[in-house]
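As a plain string of letters, each chain reads:
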Amino acid sequence: MILTENLISRMALSSAVCFLALNLYSQSYIVLFGGEKIEAKEVTYHPAVLKKSYFTVDGQRYKGKDIAFYSTYDELNANIRMYTFLKRSIFLPVMETGSVNLFERNIHDSNPLSLNPVLFGEKTKLYYNKLEKPLMKANFDNLKKDIGENEESMRYLRQYLTSNILEYSLYAIAGAAAVYGVIALAGMSFGGESTYILPAFGVYFLGSAIAININRRVQPKKIKLAINTYNK
């Protein structure tokens, strides 16, 4: 009888601890752009339909544009309003959590006939925040300040920087080739030579294709590897 009572007591205590831990882990909250963190039992996001988006936090209403981060249970979301056209609020779910949280936005090509997404993938923009700091663009300069003490992460960041330089160099070469091709094509009407017109446009298309591939596939991968390495 005593053994049974002790077993029941232990089970009850264990259940209480688990319940408390679950409630602590699933605590919802919002963080305002001013830095204030407001914890709540319930955070509900009301996306914009005809009017502007807003939140209800334990029944109290907040404008979407005022909220930098919000968390419902274990899902963290960031407002990239500071980096959007016309400061429009767009909330992204966290893709990786740790000392550095990573957020990813895939931008769809507005031209339905474009082959870029098929050939190279969608354009990706990455953002991050370290600990409870504000959201930042995931670029070389910002990440170097926040995760630069990690040598392995810096190795990936340097690879990202090299690919960035290569991308713009290829665009410059492709642009110069295109200009030459157009000028040569126009010169044909005045009796000019057409020997290098096709090679010029070939350089333009090849250079552009490699540059787009670097931008959409190589660079996001290097940023993700740098952050993932830092979080380990």
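These notes cover the structure that comes with them. Because the structure is a prediction, the values reported are computed rather than measured.

**Considerations on the sheet that holds strand β5 (residues 60-63)**
Strand pairing within a sheet occurs via backbone hydrogen bonds; the two strands may be parallel or antiparallel.
Link 1 in the chain: Strands sit in the order β3-β4-β5 across an open sheet of three strands; the sheet is antiparallel. Only two strands of the sheet have a single partner each, and these edge strands are β3 (43-46) and β5. Ignoring strand direction, the axes of neighbouring strands in this sheet form an average angle of 25 degrees.
Link 2 in the chain: Pairing geometry for β3 and strand β4 (residues 54-57), over four bridges, is antiparallel. Following the sheet pairing, Y45 is matched in β4 by F55.

**Remarks on the packing of aromatic side chains**
Link 1 in the chain: Tallied over the entire structure, the rule returns nine aromatic pairs.
Link 2 in the chain: With 4.8 Å between their ring centres and 65 degrees between their planes, F55 and Y70 make a pair best called edge-to-face. Here the residue F55 occupies a position in strand β4, and Y70 occupies one in strand β6 (residues 67-72), the gap between them amounting to 15 residues. Side by side, F55 and Y70 carry an identical accessibility label, which is buried.
Link 3 in the chain: Each member of the aromatic cluster is reached from another via a ring pair, and the members are Y45, F55, Y70 and F91.
Link 4 in the chain: We note K37 situated over the ring of Y29; from NZ or CZ to the ring centre the distance is 4.3 Å.
Link 5 in the chain: In this structure, R61 is placed above the aromatic ring of Y54, and the distance from its NZ or CZ to the ring centre is 3.7 Å.

Calculation criteria
- Residues numbered from 1 in each chain as written.
- Predicted model: local features only at pLDDT ≥ 70, side-chain atom pairs only at ≥ 80, totals over all residues.
- Heavy atoms only, no water.
- Pairing = 2+ DSSP bridges.
- Helix = DSSP H or I, 4+ residues; strand = E, 2+ residues; numbered from the N terminus.
- Axes fitted to C-alpha atoms, helices over the stretch in contact; angles between N-to-C directions.
- Phe/Tyr/Trp six-rings, centres within 6.5 Å; stacked < 30°, edge-to-face > 60°.
- Buried < 20%, exposed > 50% of the residue type's maximum accessible area, 1.4 Å probe, protein only.
- Lys NZ or Arg CZ within 6 Å of the ring centre and 35° of its normal.

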